Amino acid sequence: MITVTVEDPRQPEVEALLRAGDAYALSLYPAESCYMLNLDELVAPGVTVFVARDDQSRALGMAALVDRGDTTGELKRLYVDEAGRGQGVATAVMDALEAAARAQGIRTLQLETGPKQLPAIALYERRGYAHIENFGPYVGDEFSVCMEKALV
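As the structure is a computational prediction, the values presented were derived from the model and not from experiment.

1. Digging into helix α1 (residues 12-28)
Between its first and last C-alpha, α1 extends 25 Å over 17 residues, near the 24 Å set by a 1.5 Å rise per residue. Of the residues making up α1, those classed as buried are V14, L17, L18, G21 and A25. Take α1 and look down its axis: the buried residues cluster within an arc of 100°, on one side only. In α1, the exposed positions that point more than 90 degrees away from the buried face belong to P12, R19 and S27. Its buried side turned inward, α1 meets α2 (39-42), β2 (47-53), β3 (59-67) and β4 (72-80).

2. A word on the pattern of salt bridges
Counted by the stated rule, this structure contains 10 salt bridges. For D8, the salt bridge goes to R10, with nearest N and O atoms at 2.8 Å. Among the residues examined, D8 registers a relative accessible area of 35% and is labelled partly exposed. Residue classification places R10 among the exposed positions, given a relative accessible area of 51%. Residues R68 and E74 are paired through a salt bridge, measuring 3.3 Å at the closest nitrogen-oxygen approach. One network of salt bridges, with partners in common, ties together D95, E98, R127 and K149.

3. A few points about the packing of aromatic side chains
Pairs of aromatic rings are described using the distance from one ring centre to the other and the angle between the two planes. Going through the model one piece at a time under the given rule, you end up with 4 aromatic pairs. Aromatic side chains Y35 and Y138 sit 4.8 Å apart centroid to centroid with 90° between the ring planes, which places their arrangement in the edge-to-face category. Residue Y35 is located in the loop between α1 and α2, and its partner Y138 is located in the loop between β6 (130-132) and β7 (145-150); the two are separated by 103 residues in the primary sequence. We classify Y35 as partly exposed; its relative accessible area is 23%. Judged by relative accessible area, which is 2%, Y138 ranks as buried. Among the aromatic side chains, those forming a connected cluster through ring pairs are Y35, F135 and Y138.

4. Topic: the environment of D55
Within the secondary structure layout, D55 lies in the loop between β2 and β3. Owing to a relative accessible area of 63%, D55 belongs among the exposed residues under this scheme. Remark: the alpha-carbon pair of D55 and D40, spanning 15 residues in sequence, is separated by 29 Å.

Reading the values: the criteria
Position labels on residues start from 1 in each chain and follow its written sequence. In view of the model being predicted, local features appear only for residues whose pLDDT reaches at least 70, and side-chain atom pairs are presented and counted only at 80 or more, with totals across whole chains, interfaces and linings using the full set of residues. For the side-chain quantities, the full set of heavy atoms in the structure was used; hydrogens and water were omitted. The numbering of helices and of strands both runs from the N terminus, where a helix is a DSSP run of H or I of at least 4 residues and a strand a run of E of at least 2. Helix span, expected: 1.5 Å multiplied by one less than the number of residues in the helix. Working definition: with a 1.4 Å probe on protein chains only, accessible area under 20% of the residue-type maximum means buried, over 50% means exposed, and in between means partly exposed. Arc definition: it is the arc formed by the directions from the helix axis to the C-beta atoms. Every residue pair with non-hydrogen atoms within 4.5 Å of one another is taken to be in contact. Any carboxyl oxygen of Asp or Glu within 4 Å of a side-chain nitrogen of Lys or Arg constitutes a salt bridge here. Only the six-membered ring of Trp is used, alongside the rings of Phe and Tyr, when aromatic pairs are assigned; centres must lie within 6.5 Å, and planes under 30 degrees apart are stacked while those over 60 apart are edge-to-face, with the rest tilted.

In structure tokens:
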């Protein structure tokens, strides 16, 4: 059974997920095209970190919600450890994150991923995210794919 809770990212298991996510992204894209929030950014006001754990309390996946304060938010750092893949971890994290976003008054949720991350893109599409023009720091980056979903 997978449970998802809001947690402080400053714990060894979550930091290990962050390092693994960094390594994965850097294996696919140049460093300047990897827009991952670091630990200090993940504990900033307006950022909520969701961690998925199994029935033995092992951290299997995570994501962060950045509330922009204007009824929009951004999904960042979605990553599932190899041990958690194929078990619905990403879906559980996304369910929790989207529910929290709605509760916070976020009406539009955006995200950025890379074109080589086809399973992630397929997940987002299944969840109702539509492809949009690149926004913010992703404008002009050929390695960025931006999507958004209305949370109404």
